[in-house]
Amino acid sequence: MFFVLLFLEVIGLKDLALESPLGAVGTSYDVDNYAGVPNKMFRFALLACTYMLINLLQVLFNYFIYTRMISDPINEFVDLCSVCNVSVLLLVERQHGYYIHGRSVHGTAETDMYETAMNLNKERENLTSSRGLENGSSLQTFHISIPSKFRYQYDKIYYPLKMNRGEANSGQGGGGRQNKFSKNVEITVSAYTTMRNFLISFFDHTFMDMEYFIKDRLFFEVLFDMEFQEPIENAVIYNDPMVTFDGNLFHGREFLLMTFEILLITMIDYGSENFVFACILTYIIQTVMGFIRQSMGKNNLVRKTLVDERFLL
């Protein structure tokens with residue numbers, strides 16, 4: 001917002017939206033010239049182009065400089081999963097999603113600072129096995145297509161938890177507040193333990209009737225972002241070296257957010273014909289929506305991961 005106001009108000013690009021054949025930057029500050037009146041369509045085009053150009057420069061800076069030379073939050077998250085010995089299954093559709101293989105090559109993450117540093121040093125010197133799902137591979141991110149029987153078992157584990165939430169929302173169930181809390185904790189921990197054991201057994205090839213195999217996506221599968229093979233009996237795991245799961249996170253929604261912000265700020269300016277007011281109101285709306293998004297995202301994370309809210313920082 002600062003740079004938008006800088007270019008439009010301070011530098012004076014807003015004068016390009018005037019209905020005047022002599023319209024140029026700085027025209028409105030020249031009292032000897034006829035400045036003309038602002039044109040709504042010109043203002044819309046000028047504001048949208050300015051906002052889009054600034055956002056594009058930010059994206060290019062983030063992609064080519066920040067993530068390559070300073071910090072890459074997505075790959076750092078994958079590394080954190082390995083250090084913490086946590087794998088992530090992200091289902092964006094009923095039978096399709098993403099998998100991050102975060103199993104620690106050291107067997108456990110419950111160590112002190114010294115042992116953790118020694119383990120990381122062993123990895124740096126190639127004295128341990130690779131982090132990847134396949135032997136000899138370091139790739140940890142995948143697409144995954146699961147068969148219907150996998151999804152059936154997945155839903156079956158979640159079913160008692162959903163029933164308990166339905167009773168809590170409808171006010172059914174007897175007992176005091178402490179009894180209800182103990183029951184909720186017991187059901188949640190039971191579902192978490194069962195789900196954890198089920199997923200570990202699946203990725204360890206324990207189920208003879210529910211296996212998986214790993215392959216690369218075909219050129220047209222990558223081009224159209226779809227899979228041609230249906231997971232009828234076994235799951236299919238596709239290598240994902242481009243780490244595309246970030247497209248389903250808030251981190252990967254830059255274009256969608258930019259489009260929304262452009263429409264919002266231009267709509268406000270269309271009604272007010274004031275760039276300063278439009279930028280300030282857009283910033284306030286962004287702040288409020290960010291607070292709502294964080295609160296709802298936290299609740300969604302608690303519900304989907306079966307982790308107590310008090311453990312989320």
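Residues numbered from 1 in each chain as written. Predicted model: local features only at pLDDT ≥ 70, side-chain atom pairs only at ≥ 80, totals over all residues. Heavy atoms only, no water.

### Let's talk about the overall build of the protein
Within the protein one finds nine helices and five strands. Listing the helices and strands of the protein from first to last along the sequence gives α-α-α-β-β-α-β-α-α-β-α-β-α-α. Residues classed as buried in the protein amount to 28% of the 313 residues present. Taking all contacts inside the protein whose residues are at least 6 apart in sequence as the whole, residues at least 24 apart take part in 59%. Carbon and sulfur atoms make up 62% of the accessible area of the protein, which totals about 20400 Å². (Helix = DSSP H or I, 4+ residues; strand = E, 2+ residues; numbered from the N terminus. Buried < 20%, exposed > 50% of the residue type's maximum accessible area, 1.4 Å probe, protein only. Contact = heavy atoms within 4.5 Å. Areas by Shrake-Rupley, 256 points an atom, 1.4 Å probe, with all protein chains shown as cover.)

### Details of helix α4 (residues 113–124)
End to end, α4 covers 17 Å across 12 residues, agreeing with the expected 16 Å (1.5 Å per residue, within 8%). Positioned one or two residues after α4, Asn 126 has a phi angle of 60°, which is positive. (Expected span 1.5 Å × (residues − 1).)

### So, the nonpolar core
Counting residues in hydrophobic clusters, the biggest one holds 22 residues, and the most contacted among them are Phe 150 and Phe 202. Breaking this core down by element, the ones donating at least two residues are β3 (141–145), α5 (148–170), α6 (177–203) and β5 (235–239). Per-element tally for this core: the top contributor is α6, with seven residues. Apart from residues no more than four positions distant in its own chain, Phe 150 is found in contact with Leu 89, Phe 198, Leu 199, Phe 202 and Met 210. (Core = buried A, V, L, I, M, F, W, Y, C linked by side-chain atoms within 4.5 Å.)

### What about unusual backbone geometry?
What you tend to see is this: most non-glycine residues have negative phi, and most peptide bonds are trans. Of note in this structure, Asn 85 is not a glycine but carries a positive phi near 60°. Topologically, Asn 85 is positioned in the loop between α3 (73–84) and β1 (88–91). Within the chain, Glu 273 stands out as a residue other than glycine whose phi angle is a positive 55°. Mapping Glu 273 onto the fold places it in the loop between α8 (254–272) and α9 (275–305).

### Quick notes on the layout of surface pockets
A volume near 1000 Å³ is recorded for the second largest pocket. Lining the second largest pocket are 30 residues, with Asn 62, Asp 246, His 251, Gly 252 and Glu 254 sitting closest to its centre. Those elements giving two or more residues to the lining of the second largest pocket turn out to be α2 (40–70), α3, α8 and α9. Element by element, the count of residues in the lining of the second largest pocket is highest for α2, at nine residues. Among the residues forming the lining of the second largest pocket, the class breakdown is 14 nonpolar, 10 polar and six charged. (1 Å grid on protein atoms, 1.4 Å probe; cavity = no way out; pocket = protein on both sides within 12 Å on 5 of 7 lines; lining within 4 Å. Points joined across faces, edges and corners; volume = space filled by probe spheres on them. Nonpolar A, V, L, I, M, F, W, Y, C, P; charged D, E, K, R; others polar.)

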